[in-house]
Amino acid sequence: MMVADGLIQTTKYIEQPAVLFIGDSVNFSSMYLRLTQSEFPDIAIKKVATLNDARTFISSHAAQIRAVILSCQLDREAVLDLQSLVDEMPSLRPVLAYQTLDELRSALTAIEGRAFFERLSFLPLRVRMDCTVTTLRLILSGERYVTGEVLDIFMASTAPENVDLSGFSTLTAREKEVLEQLAKGASNKIIAHDLHLAESTVKLHIHHIISKLNVSNRTEAAVAYIADLAKKQAASS
């Protein structure tokens, strides 16, 4: 594997699964990429500088790509380009990597529509390497990872207007447990495992939660839960 100025060369065709990082050597240094590669020996860790480079690489390795990780230090157009790329290739797992909350806010405000947001995972870069590895393992297993920082920003900017906060009092104990898991970004599969339920039962609970809170989807339900929790915490302080 050749490395020059933090850029892993991508000219050689690969047959193994791959993760593609998009950004400069400030966020994705050679050392960072080598450490990541050492933790995932069966996956090719690749890096390019721009979305155009990414498209070129993906065009030759579409079947191998498991996740595309975009640095939020790139401009808002890069986020929109990633959204367009994922629309074209639904099998891609999109990830936004960020250092600061300002970067994260800028990236989130660039997103058009909730459908893309609901597919995104997030990779904080100011954490220990073992935390990064754990997050990547979760993403590569097919799950999403959404940090509390992301939910806070999303809640502040897109809190549902028609949510019926009185609906929380009508939730059953089990529905409240499911909603708490939703607010953590857990998938139906994870919720079912943690609460010892069938996935079909989890889906039914989520349907009831959405109806009782007068929201449109699971994301709005999670945002409403966080908003209600913040309100109660503020009232008790």
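Here the structure is a predicted model, which is why all the values come from computation and not from measurement.

What counts as what
- Residues numbered from 1 in each chain as written.
- Predicted model: local features only at pLDDT ≥ 70, side-chain atom pairs only at ≥ 80, totals over all residues.
- Heavy atoms only, no water.
- Phe/Tyr/Trp six-rings, centres within 6.5 Å; stacked < 30°, edge-to-face > 60°.
- Buried < 20%, exposed > 50% of the residue type's maximum accessible area, 1.4 Å probe, protein only.
- Lys NZ or Arg CZ within 6 Å of the ring centre and 35° of its normal.
- Pairing = 2+ DSSP bridges.
- Helix = DSSP H or I, 4+ residues; strand = E, 2+ residues; numbered from the N terminus.
- Axes fitted to C-alpha atoms, helices over the stretch in contact; angles between N-to-C directions.

Engineer: Can you explain the packing of aromatic side chains? Please cite residues and give values.
Structural biologist: In the structure shown here, the tally under the stated rule is four aromatic pairs. The interplanar angle of 65° and the centroid separation of 4.9 Å between the aromatic rings of phenylalanine 21 and phenylalanine 28 together place this pair among those described as edge-to-face. Their ring planes at 50° and their centres at 6.1 Å tell us that phenylalanine 117 and phenylalanine 122 sit as a pair that is tilted. No difference in accessibility class separates phenylalanine 117 from phenylalanine 122, as the two residues are buried. Three or more aromatic residues joined by ring pairs make a cluster, and in this case those are Phe21, Phe28 and Tyr32. Directly above the ring of phenylalanine 40 sits arginine 137, whose terminal nitrogen or CZ lies 4.7 Å from the centroid.

Engineer: Which residues make up the sheet that holds strand β7 (residues 121-124), and what values do they have?
Structural biologist: Spatial strand order, β4-β3-β5-β6-β7: five strands in an open sheet with parallel pairing. Two strands close off the open sheet at either side, each with one partner strand: β4 (44-48) and β7. On average, each strand axis in the sheet is tilted by 25° relative to the strand beside it, whichever way the strands run. Examined bridge by bridge, strand β5 (residues 65-71) and strand β6 (residues 94-98) share four bridges and lie parallel to one another.

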